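Remarks on the overall topology
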Amino acid sequence: MDRQDDSVLIIGGGLAGLFCALKLAPKAVTVITAAPIGRGASSAWAQAGIAAAVGPGDTVDKHVADTLIAGDGIVDEAVARLMATQASDRIHDLLDYGVPFDRDLEGHLQVSREAAHSESRIVRVRGDMAGRAIMQALVETVKNTPSIRVMGGYIAEGLIVEDGRVCGVEVLDESSGEDRLIPIRGSHVVIAAGGIGHLYEVTTNPAEARGGGVGMAARAGARMADLEFVQFHPTAINVGKDPAPLATEALRGHGATLLNKDGERFMVPLHPDAELAPRDVVARGIFREVQAGRGAFLDCTEAVGKTFAEEFPTVYGYCMEAGIDPVTQPIPVVPAAHYFMGGIWTDMDGRTSLPGLWACGEVTSTGAHGANRLASNSLLEAVVFSSRVAAALGGETLTDAPADWSKGSKDSGRIEPRPDSEPMKLLRKTMSAHLGVLRDGEGMKKALRTIMELERDANTERFHNVLATAKLVAVCALNRTESRGGHFRTDYPNEDPAWKRRTFVTLEQAEATIPSLLES
Ligand SMILES: Cc1cc2nc3c(=O)[nH]c(=O)nc-3n(C[C@H](O)[C@H](O)[C@H](O)COP(=O)(O)OP(=O)(O)OC[C@H]3O[C@@H](n4cnc5c(N)ncnc54)[C@H](O)[C@@H]3O)c2cc1C
């Protein structure tokens, strides 16, 4: 192996990938990221902030308790406790990297309240700017770290496995116009490739979040977990934009109401808390109205009114861009795929079941979220576990970076992802129709058949990865004959105590169950 071949390869340049790279310094790291660094990552779009029990009166125990309730019975408590315990240290790391978290007059971190948190616990930056500010600080620090080489605009499409050990990645330079894969070897591979939102027709995620990382690991034989659990944000702004912009939950906290086109407050008969019901209940209420052709609108005209631009500048901007004045008009909304609780199974140090392969961030299923993520726990999970991957890799033999390592950084010049192909459009439509907010056995079987037909005709590694992820979501959702957290089946609308457990599966195991699932 020559010098070029023994850096740690990190797939993904979001919070998890960049934090891991920084924590590994001065060891040689190559970050491979599908978009130019800082772009194409959900991390940069996070509006609320990071959950951490650092405020007065808050404790790790309370944070863990809230996480367990949100996760609906299947959170791994030890993992959630580890995450909550390390939150404060990781926030201080981010401060050291230059993240300008809000502070009070005495210099203490300012924390605010968010739905389903029993205490004020969200560390923010200037209202809704957390994601952007965190990523700006990390990108800047990465650019000034000589041990990190960045390959921006390169898409990882497959893992190189030799003698049962992951030892490299095959990447595509999409801007080259050729579909030739370039092999890159490394001492270890860390997947930090984010979520799967773009598998759905309506999503808040960037186009890069299409399950490529999950699919790649699954196709290499890695153990996966909890793949049936997708979280839908109830109120994406429904103006035909892809990705869909968010109308923050704080608007409902302010008293905004949900109406259909006949002016009915449809959440009132559905839940005692009406618009303030849990996220998944509101998502289902809105979805049913939209499906029935009655539409759903968030009316902020009375609750927020004239102060909208000042109080919610980001949402105001999205609405005005779409020709809706939220001061006087209700905002059309629809649920959107937002966060993936499932993913590549890892232990508490980010180790996967495959030697040489590690993972961190949304691409993983550590067990911290169970069936439903507690808001603002995902940025936290990304920093805690990427840091643990770096620490665990520190015990392995790694190479210090040569002085000129970061000078090897390159950018493919790619700015925007290619538009979706027709098969990708069909897949996204299918996932939204049958594996979305409301699911049932017949619909999911139909989806699974479509996915398998698409698989027969697929001719790129990239699309095979995407389809493997979609197939795993479909199989695991069909298999779980109950409703829990983000997984709601109209044919099994209740929780079943026998299903109060996580799901662990390999792609091979999932595929073996397909004939019986389709026949049942
Ligand atoms: C609109 C929005 C608001 C949110 N708000 C919050 C919030 O307030 N608090 C919170 O905790 N969470 C929030 N979340 C969730 C949170 O942002 C994500 O879970 C988290 O940022 C995931 O970080 P990550 O590093 O794992 O993935 P990402 O930040 O998505 O980064 C993934 C990286 O992998 C790259 N990539 C993907 N596929 C490939 C491939 N095949 N090859 C090479 N590179 C690849 C991408 O380009 C990207 O660089 C929000 C999400 C969205 C979409």
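For clarity, every value in this text was computed on a predicted model and none was experimentally measured. (Residues numbered from 1 in each chain as written. Predicted model: local features only at pLDDT ≥ 70, side-chain atom pairs only at ≥ 80, totals over all residues. Heavy atoms only, no water.)

**Examining the environment of proline 183**
Along the chain, the position of proline 183 falls in strand S9 (residues 181–185). Judged by its relative accessible area of 55%, proline 183 is exposed. As for proline 183 and alanine 28, which are separated by 155 residues in sequence, their C-alpha atoms are 18 Å apart. Leaving out residues up to four positions away in the same chain, proline 183 has contacts with Ile160, Val169 and Glu170. (Helix = DSSP H or I, 4+ residues; strand = E, 2+ residues; numbered from the N terminus. Buried < 20%, exposed > 50% of the residue type's maximum accessible area, 1.4 Å probe, protein only. Contact = heavy atoms within 4.5 Å.)

**Comments concerning the sheet that holds strand S16 (residues 343–345)**
Across the sheet, 4 strands lie side by side as S18-S16-S11-S20; this open sheet has mixed pairing. Only two strands of the sheet have a single neighbouring strand rather than two, namely strand S18 (364–365) and strand S20 (504–505). Bridge analysis of S16 against S18 gives 2 bridges, and the strand direction is parallel. By the bridge assignment for S18, isoleucine 344 is matched with threonine 364. (Pairing = 2+ DSSP bridges.)

**Quick notes on the site of the ligand**
Taken together, 38 residues lie around the ligand, and Ser43, Ala48, Ala156, Glu362 and Ser378 are the ones closest in. Within the backbone of alanine 34, one N or O atom sits 3.0 Å away from a nitrogen atom of the ligand. The separation between a nitrogen atom of the ligand and a polar main-chain atom of glycine 49 is 2.9 Å. Its free accessible area being 1,000 Å², the ligand has 97% of it covered by the protein chains. Secondary structure elements with two or more residues in the shell around the ligand: helix H1 (15–24), strand S2 (29–33), strand S7 (154–162), strand S15 (331–340) and helix H10 (377–393). Of the residues belonging to the shell around the ligand, the class tally is 18 nonpolar, 17 polar and 3 charged. (Near = heavy atom within 4 Å. Polar contact = N/O pair within 3.5 Å; in protein donor to acceptor, adjacent residues only side chain to side chain. Areas by Shrake-Rupley, 256 points an atom, 1.4 Å probe, with all protein chains shown as cover. Nonpolar A, V, L, I, M, F, W, Y, C, P; charged D, E, K, R; others polar.)

**Here's the deal with the sheet that holds strand S12 (residues 230–237)**
Taken together, 4 strands build an open sheet; the order of strands is S12-S15-S14-S13 and the sheet is antiparallel. Strand pairing shows two members of the sheet lacking a second neighbour, S12 and strand S13 (257–259), which therefore form its edges. The mean inter-strand angle of the sheet, taken between neighbouring strand axes irrespective of direction, is 45 degrees. One ladder, built from 2 bridges, connects strand S14 (residues 297–299) with S15; its direction is antiparallel. Bridge pairing links phenylalanine 297 to proline 332 in S15. (Axes fitted to C-alpha atoms, helices over the stretch in contact; angles between N-to-C directions.)

**Let's talk about unusual backbone geometry**
Working note: non-glycine residues mostly have negative phi, and peptide bonds are mostly trans. Of note, the amide linkage connecting alanine 25 to proline 26 takes the cis form, showing an omega dihedral of 10 degrees. Structurally, the position occupied by proline 26 is in the loop between H1 and S2. Cis geometry is found at the peptide bond from aspartate 242 to proline 243, where omega equals -5 degrees. Take proline 243: it is sitting in the loop between S12 and helix H6 (250–253). With a phi close to 45 degrees, alanine 274 is a non-glycine residue in the positive phi region. When its relative accessible area of 9% is taken as the criterion, alanine 274 is described as buried. In this structure, serine 376 takes a positive phi of about 70 degrees despite not being glycine. Relative to the helices and strands, serine 376 is located in the loop between S18 and H10. Owing to a relative accessible area of 6%, serine 376 belongs among the buried residues under this scheme.

**Some points on the environment of phenylalanine 101**
In this fold, phenylalanine 101 is placed in the loop between helix H3 (77–96) and strand S4 (111–112). Judged by relative accessible area, which is 5%, phenylalanine 101 ranks as buried. For the pair phenylalanine 101 and tyrosine 316, spaced 215 residues apart in sequence, the C-alpha to C-alpha distance is 23 Å. Apart from residues no more than four positions distant in its own chain, phenylalanine 101 is found in contact with Ile50, Ile91, Leu94, Leu95, Leu109, Val123, Arg124, Val125 and Ile134.

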